[in-house]
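Here are the chains, one letter per residue:
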Amino acid sequence: MVTEEKVTLTNERVKVIFGDLLDSLRQLIIKDRITESEYRALIEFVSEMGRLEYEVPLWFDVFLGVTVDNVTYDHYNQMAGTPSNILGPFYLEGAPVRSPPYRLGRDNEPGDVLFVSGSVLDAKTGAPIPGALLDIWQTSGNGLYDHLDPDQPDFNMRGKFLTDQEGRFEFRTVIPQPYEIPKDGPTGRLLAMLGHHAWRPKHIHFKISRDSYLPLTTQVYFEGDPWLHDDLVEGAPKPELVTRLEKHDSHKEIESKGLDRPFFTARFDFRLVPATS
Ligand code: DHB
Ligand code: FE
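Quick summary incoming for the structure in this document. (Residues numbered from 1 in each chain as written. Chains lettered and ligands numbered in written order. Predicted model: local features only at pLDDT ≥ 70, side-chain atom pairs only at ≥ 80, totals over all residues. Heavy atoms only, no water.)

**Quick notes on the coordination of the iron ion (ligand 2)**
Okay, so step 1: Protein coordination at the iron ion (ligand 2) comes from Y145 (OH), H203 (NE2) and H205 (NE2), with a distance range of 1.9 to 2.1 Å.
Okay, so step 2: Of note, the donors binding the iron ion (ligand 2) are all from one chain and are spaced Y-x57-H-x1-H. With Y145 in the loop between β3 (133–138) and β4 (158–162) and H203 in strand β8 (residues 203–209), the pair connects residues that are 58 residues apart, well separated along the chain. Of the two residues, Y145 and H203, both sit in the buried class. (Donors = N, O, S within 2.8 Å, 3.2 Å for Na, K, Ca; no water. Helix = DSSP H or I, 4+ residues; strand = E, 2+ residues; numbered from the N terminus. Buried < 20%, exposed > 50% of the residue type's maximum accessible area, 1.4 Å probe, protein only.)

In structure tokens:
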């Protein structure tokens, strides 16, 4: 089931989950012969994560997010909807509802201009869905999320858009850049000890909703990205979520967009599963 609504963890669920968690951890201690000093090092690691603002969600999402996403959206993914994808640690509530023509970033936003367009469709009938809400967020052209970058205004690369009467959307943005998680925090140091890099391929996050449809959280990736087949978040870039960046550099096309430099386009259609399925 898709459970996007606020979930309260009942005592019954806590009993089951916490009991299983303790069982697994005790077995692990025995299997790997974890000693008192290793155990104290682990406690210090977790304590340090707790003292830093984004480390706990980051660690959980890097290592466990994909599995939770697959369980949460199992039903959705079986109903031929667009595959779901991890929410990730950097979603913010309350992004501004923008007015058309839709756009993310400042007037002079650094980076390659990108127009993303597509349709939101009914997964069962293929009919377009007008008035669907797209809540979008991405890194800017410098590979940073706005709330962690003092040089970007609040909500710079975030916004809410609606599909038009034909279920279509288009927005202007800049090509996001691959994201490297901080290397000096506990998660970054752990990855270094594991001999693993800390990169995610470039991606745009989407939360899509409309009355009488099950909500969808997903990400769109781009062909040719060096990290696409080696994502820090293993298994996140599902092949169906990869689209192509098309470059437009003819004088005529550039002029038609009122630009002074080449730009890129990408297309992606989303299929929402009806709530009654
Ligand atoms: C993670 C997810 C993201 O979308 C991102 O940009 C960075 C990290 C994560 O799952 O940890
Ligand atoms: Fe992300």
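Further notes follow.
**Brief notes about helix α1 (residues 11–31)**
Okay, so step 1: Under the 1.5 Å per step criterion, the end-to-end length of α1 is 30 Å for 21 residues, consistent within 8% with the ideal 30 Å.
Okay, so step 2: Positive backbone phi, at 50 degrees, marks R33, one or two positions downstream of α1. (Expected span 1.5 Å × (residues − 1).)

**Remarks on the site of ligand 1**
Okay, so step 1: The local shell around ligand 1 holds 14 residues, among which V62, Y145, R200, H203 and H205 are the closest.
Okay, so step 2: A distance of 3.3 Å separates an oxygen atom of ligand 1 from a polar backbone atom of V62.
Okay, so step 3: Between ligand 1 and H205, the relevant distance is 2.9 Å, taken from an oxygen atom to a side-chain nitrogen or oxygen of the residue.
Okay, so step 4: For ligand 1, the accessible surface in isolation is 290 Å², of which the surrounding protein chains cover 100%.
Okay, so step 5: Here ligand 1 occupies the largest cavity.
Okay, so step 6: Elements with a minimum of two residues in the shell around ligand 1: α3 (55–72) and β8.
Okay, so step 7: Per element, the largest residue contribution to the shell around ligand 1 is three residues, and it comes from α3. (Near = heavy atom within 4 Å. Polar contact = N/O pair within 3.5 Å; in protein donor to acceptor, adjacent residues only side chain to side chain. Areas by Shrake-Rupley, 256 points an atom, 1.4 Å probe, with all protein chains shown as cover. 1 Å grid on protein atoms, 1.4 Å probe; cavity = no way out; pocket = protein on both sides within 12 Å on 5 of 7 lines; lining within 4 Å. Sits in = over half its atoms within 2 Å of the grid points.)

**Describing the nonpolar core**
Okay, so step 1: V120, F171, F206 and F270 are the most contacted members of the largest nonpolar core, which totals 50 residues.
Okay, so step 2: Every element with two or more residues in this core is listed here: α3, β2 (113–122), β3, β5 (168–174), β8, β9 (216–222), β12 (263–267) and β13 (270–272).
Okay, so step 3: By residue number, the principal contributor to this core is β9, which donates four residues.
Okay, so step 4: Apart from residues no more than four positions distant in its own chain, F171 is found in contact with Y102, R103, L104, L114, F115, V116, I136, F161 and F206.
Okay, so step 5: Counting residues in each nonpolar core, the second largest holds five residues, with F115, I254, L259 and F263 among its members. (Core = buried A, V, L, I, M, F, W, Y, C linked by side-chain atoms within 4.5 Å. Contact = heavy atoms within 4.5 Å.)

**Some words on the pattern of salt bridges**
Where charged atoms of side chains with opposite charge meet at close range, the side chains can pair.
Okay, so step 1: Considering all chains together, one arrives at 15 salt bridges under this definition.
Okay, so step 2: Note that K183 and E180 form a salt bridge whose closest N and O atoms lie 3.2 Å from each other.
Okay, so step 3: Classification of K183 by relative accessible area gives exposed; the value is 54%.
Okay, so step 4: The residue R244 makes a salt bridge to E246 at a minimum N-O spacing of 3.3 Å.
Okay, so step 5: Relative accessible area serves as the criterion here: at 48%, R244 is assigned to the partly exposed category.
Okay, so step 6: Assessed through its relative accessible area of 38%, E246 is described here as partly exposed.
Okay, so step 7: Linked through salt bridges whose partners overlap, the residues forming this network are D164, E166 and R168. (Salt bridge = Lys/Arg side-chain N within 4 Å of Asp/Glu carboxyl O.)

These figures come from the coordinates and say nothing about function on their own.
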